[in-house]
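This is what each chain is made of:
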Amino acid sequence: MIQKIVLYTLFTLLSVSVLTQSCAALSSSGGGEWAHSEGITISERSGQDLVNYQVLVVLNNSNFNFSAAKAAGEDIRFSSGDTQLKHWTEEWNSRDATARIWVKVPYIAAGGSAGIKMSYGNPSASDVSSGLSTFELFDDFNGPNVDFGKWDQYYTGGGETDITGGMLKLIVPKFHPEDVSQVKSDDKFPVNSMLVTRRKKVTTGEDSRGPVIEQGFVDPNNEDRNQVIVRTELENETYVAWVLENERGNARYFSKDLASLDVPENTWYTTGVAWYVEDELGRVAFFRDGVRVSSMDLASTEEKNYVPLEDMKAYLFASTYSDVSKNMGYAAFDYVYVRKFVSEEPAVVMAAVAASSDEQDSESAPVPVKINITLPDGKINAIRIFDTAEYNDSAIADLKASGINLVMLRVGPENIWSLERFVKSAHDNDMQVYAMIISDREDITEDSSASFMGTISAVVDYNDKSLAGFDGISIALNPCSEDAEEACEDNLMLLKEIRETTGNTLPVAVDIPSSYDRSAIGDVSDYVELFVILTYDARGESLDSTDEIVDSVAAKMGEVRAAGGDALISVAVDDDFITDENVYELLQGLQDYYAQDSAFMGTGIVVYDDYINYTEVPDTTDKSSSVPGFGIVLSITALLALVFLTGKR
């Protein structure tokens, strides 16, 4: 049996952004031109790198001319460089000159800032606001039934769940005391998340207190085990309390009445439950209509560690009281979303930008914004696939069930369109797919760079026309070369050419071979999203234990951290890896060891026989047989190839 080999992938987020790029890059326009634009500077204040962070942009009559935009803000667009950003309009009131818009910003460096642009003033533009694209979880309940792709529902006795008029109702029993109605998300979310709902309480029976309502996060398998829940009770919801439990810390906490919502019955309002880490301890916060309720702020201590830090699911619940009330009523939810959260939210400052300006002086240019490649749960589990012949829909579903959330798929101009069905099936299973561009061992020539860029162009053309586009690019080149300095320069040029050809819209992952020992990762980190550190090579040398891998990649990981990059580790396995417990033990060992390492983004696997068939390196190191500029491209290749491979199992 071939040894299990781990390949470590480092992934760095980057995308060069210029605030004043032309509005022509904006998509889904419906035609027309944008007459106005505003520059927005977003400053990070929590001391953490923020990736794909949802930033709130608040508009009012002091910073925005509502008469210059469409009546409902349908023409609002946000961009970073020539990349349009996802956004969702939570509120737009032209009459009162107020608006709240959430924008998904790819990257904000800890203590730094990012620049984006807001464009408007296009009467022909259609609405592209999308909560589904902006948040980690979003549901506005517009379907006829509860979306079983998002929620598990549960009720007892006379409890019911109902979707009516774009509203989710959790109805409590008419005749059965102490019965419940609840929904729990299918997806799990990490700490530093916030669950927000727009809700109301409706009393339909004799008891004016209405139902008890709970909202928060619970353990994926047993909601009574780990909990971060806010419970509201009594008429007008005047009793608000926490229910907190950390099974690992063996601590449970029920607060007394800490706040009063005092919301009249049948009145819409928003509530938010935030769950986050500060000083290595769990903390919680509660928001009403977007304003933090300070009396609800609570933090664990080392002695009373009652806030869990494990991944949990979003949770909504309604019940009767324990004293046999009749027909309590229901809790109604207009929309629900989960977003990322840090205790000190980014500061947002707007400044006018000339609409006709295509350039910006260097002093006011924003810092580079990297393309985000992080999967929803924050980590990646990836697999490299060289041939899709054996992967039908059932096999793809098996990959998903085994924890894979990113596929690196070998692509060439000759086969790219034959892969569309595979890519679509992977997307249907919530897996991302990277186009893996790799030079065969028989095809290492001086023209490899041109051939490589030809494949990049084919990927871009495919994405423009296909129903199932690639989510990123993975580069795996063979090592060269005698002149390392020249190689680095060539690789930088190649990476810049990749960015230009792709329009700076696709994340790039680059392989770092096990033999790579030059401290050049920092030189290329601005052009790649993910460094993939290999712990095996095409000549059969491999590592098969956590300790060996950790020792082998320590220096490379240090270079990645110093460059502000991200990393991924993948395992070389036999083709029976799905049922091999040793594979998962090795992956879990790496996950555990690097759990506190901000540069570590996850793990991946490759079937070793497939790998050596495509990537065996010739014995010669003669410059004429090497890939031009491979030194840096190789490290960049690792980044590109495994950017999405670190999905958390």
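Residues numbered from 1 in each chain as written. Predicted model: local features only at pLDDT ≥ 70, side-chain atom pairs only at ≥ 80, totals over all residues. Heavy atoms only, no water.

Chemist: I'd like to hear about the overall build of the protein chain, residue by residue, with values.
Modeler: Secondary structure assignment for the protein chain yields 10 helices and 34 strands. Residues classed as buried in the protein chain amount to 55% of the 649 residues present. Once local pairs closer than 6 in sequence are excluded, the contacts in the protein chain between residues at least 24 apart make up 79%. Put simply, the protein chain shows about 26,400 Å² of open surface, and 45% of that area lies on carbon and sulfur atoms. (Helix = DSSP H or I, 4+ residues; strand = E, 2+ residues; numbered from the N terminus. Buried < 20%, exposed > 50% of the residue type's maximum accessible area, 1.4 Å probe, protein only. Contact = heavy atoms within 4.5 Å. Areas by Shrake-Rupley, 256 points an atom, 1.4 Å probe, with all protein chains shown as cover.)

Chemist: I'd like a description of helix α2 (residues 393-401), backed by residues and values.
Modeler: Because the α-helix completes a turn every 3.6 residues, residues three or four places apart line up on one side. Of all the positions in α2, only Ala395, Ile396 and Leu399 are classed as buried. Burial along α2 is one-sided: seen end-on, the buried residues are contained in an arc of 100°. Where α2 is buried, its residues contact β26 (380-385) and α3 (420-428). The N-cap residue of α2 is Asn392: its side-chain oxygen and the backbone nitrogen of Ser394 are 3.1 Å apart. Gly403, located one to two residues past α2, shows a positive phi value of around 105°. (Arc of directions from axis to C-beta. Polar contact = N/O pair within 3.5 Å; in protein donor to acceptor, adjacent residues only side chain to side chain.)

Chemist: Give a detailed account of the sheet that holds strand β17 (residues 239-246), specifying residues and quantitative values.
Modeler: Taken in spatial order, the 7 strands line up as β10-β13-β23-β15-β16-β17-β18 in an open sheet, and their pairing is antiparallel. Two strands in the sheet have a free side with no partner beyond their single neighbour: β10 (151-155) and β18 (251-254). Each neighbouring strand pair of the sheet contributes to a mean axis angle of 15°, computed without reference to strand direction. (Pairing = 2+ DSSP bridges. Axes fitted to C-alpha atoms, helices over the stretch in contact; angles between N-to-C directions.)

Chemist: I'd like a description of the pairing of strand β20 (residues 281-288), backed by residues and values.
Modeler: Where strand β19 (residues 269-278) and β20 come together, 8 bridges link them in antiparallel fashion. Bridge assignment links Gly272 to a residue of β20, and that residue is Phe287. Taken together, β19 and the strand that follows it, β20, pair antiparallel across an intervening segment of 2 residues, in which Asp279 is found at a positive phi of about 55°. Direction of pairing for β20 relative to strand β22 (residues 298-299): antiparallel, over a ladder of 2 bridges. Paired with Val284 across the bridge in β22 is Leu298. Two elements, β20 and strand β21 (residues 291-292), share 2 bridges in a ladder whose sense is antiparallel. The partner of Arg288 across the bridge, within β21, is Val291.

Chemist: Describe in detail the pattern of salt bridges, supporting the description with residues and values.
Modeler: Summed over the entire model, instances satisfying the criterion amount to 20 salt bridges. Put simply, Asp334 and Arg198 hold a salt bridge, and the shortest N to O gap is 2.9 Å. Linking Asp334 in strand β24 (residues 329-340) with Arg198 in strand β14 (residues 193-203), this pair joins segments that are 136 residues apart in sequence. Taking relative accessible area as the criterion, Arg198 reaches 26% and is therefore assigned partly exposed. One salt bridge connects Arg288 with Asp289, and the closest N-O pair in it is separated by 3.1 Å. On the accessibility criterion, Arg288 (27% relative accessible area) is partly exposed. (Salt bridge = Lys/Arg side-chain N within 4 Å of Asp/Glu carboxyl O.)

Chemist: How would you explain the packing of helix α7 (residues 546-562) against helix α8 (residues 581-593) if you had to name every residue and give the values?
Modeler: In a packed pair of helices, the relevant descriptors are the angle between the two axes and the axis-to-axis distance. Two numbers describe how α7 lies on α8: the axes approach to 9 Å, and their chain directions differ by 50°. Comparing their axes, α8 and α7 come out oblique. When the axes of α7 and α8 are compared, the crossing they make is right-handed. Where α7 abuts α8, its residues Thr546, Ile549 and Val550 lie against Leu586, Gly589, Leu590 and Tyr593. Of the residues in the contact of α7 with α8, the class split is 5 nonpolar, 2 polar and no charged. (Parallel < 35°, antiparallel > 145°, perpendicular 65-115°, else oblique. Left-handed = near helix turned anticlockwise from the far one by under 90°. Nonpolar A, V, L, I, M, F, W, Y, C, P; charged D, E, K, R; others polar.)

Chemist: Break down a negative patch on the surface for me, with residues and values.
Modeler: A cluster of acidic side chains, namely Asp544, Asp547, Glu548 and Asp551, defines a negative patch on the protein surface. With respect to the secondary-structure elements, Asp544 resides in the loop between β31 (530-534) and α7. (Patch = residues over 30% accessible without salt bridge, like charges linked within 9 Å, V, L, I, M, F, W, Y side chains within 5 Å. Lys, Arg positive; Asp, Glu negative; His and termini not counted. Charge placed at Lys NZ, Arg CZ, Asp CG, Glu CD.)

Chemist: Any details on the sheet that holds strand β7 (residues 98-108)? Residues and values, ideally.
Modeler: Spatially, the 3 strands line up as an open sheet ordered β3-β7-β6, and their pairing is antiparallel. Here the strands that pair on one side only, and so sit at the sheet edges, are β3 (50-60) and β6 (87-93). Between one strand axis and the next, the sheet turns through 20° on average, direction left out of account. The pairing of β6 with β7 spans 6 bridges and is classified as antiparallel.

Chemist: Residues and numbers for the side chain of Thr455, please.
Modeler: Within the secondary structure, Thr455 is located in helix α4 (residues 448-465). By relative accessible area, which is 6% here, Thr455 ends up buried. Contacts of Thr455, omitting those with residues within four sequence positions, involve Val411, Gly412, Pro413 and Ile437.

Chemist: An account of α3 is requested, with residue identities and associated values reported.
Modeler: Turning to α3, its buried residues number three or more, namely Phe422, Val423, Ser425 and Ala426. Taken around the axis of α3, the buried residues stretch over an arc of 165°, which confines them to a single face. Set apart from the buried face of α3 by more than 90 degrees, the exposed residues are Arg421 and Asp428. Remark: Asp430 follows α3 within two positions and exhibits a positive phi of approximately 60°.

Chemist: Quick one: what's the story with the environment of Ala318, residue by residue and with numbers?
Modeler: The topology assignment puts Ala318 in strand β23 (residues 312-319). Overall, the relative accessible area of 0% leaves Ala318 in the buried class. Residues Ala318 and Gly210, spaced 108 residues apart in sequence, show a C-alpha to C-alpha distance of 9.8 Å.

Chemist: Report on the packing of aromatic side chains, specifying residues and quantitative values.
Modeler: Using the criterion set out here, one finds 23 aromatic pairs in the structure. Centre to centre, the rings of Phe135 and Tyr337 are 4.1 Å apart; their planes meet at 15°, and the pair counts as stacked. With Phe135 in the loop between α1 (131-134) and β9 (137-139) and Tyr337 in strand β24, this residue pair connects regions lying 202 residues apart in the sequence. Through a chain of ring-to-ring contacts, three or more aromatic side chains come together here, namely Trp88, Trp102, Phe135, Phe138, Tyr335 and Tyr337. Against the face of Tyr330 rests Lys169, its NZ or CZ located 4.6 Å from the ring centre. Against the face of Tyr321 rests Arg209, its NZ or CZ located 3.9 Å from the ring centre. (Phe/Tyr/Trp six-rings, centres within 6.5 Å; stacked < 30°, edge-to-face > 60°. Lys NZ or Arg CZ within 6 Å of the ring centre and 35° of its normal.)

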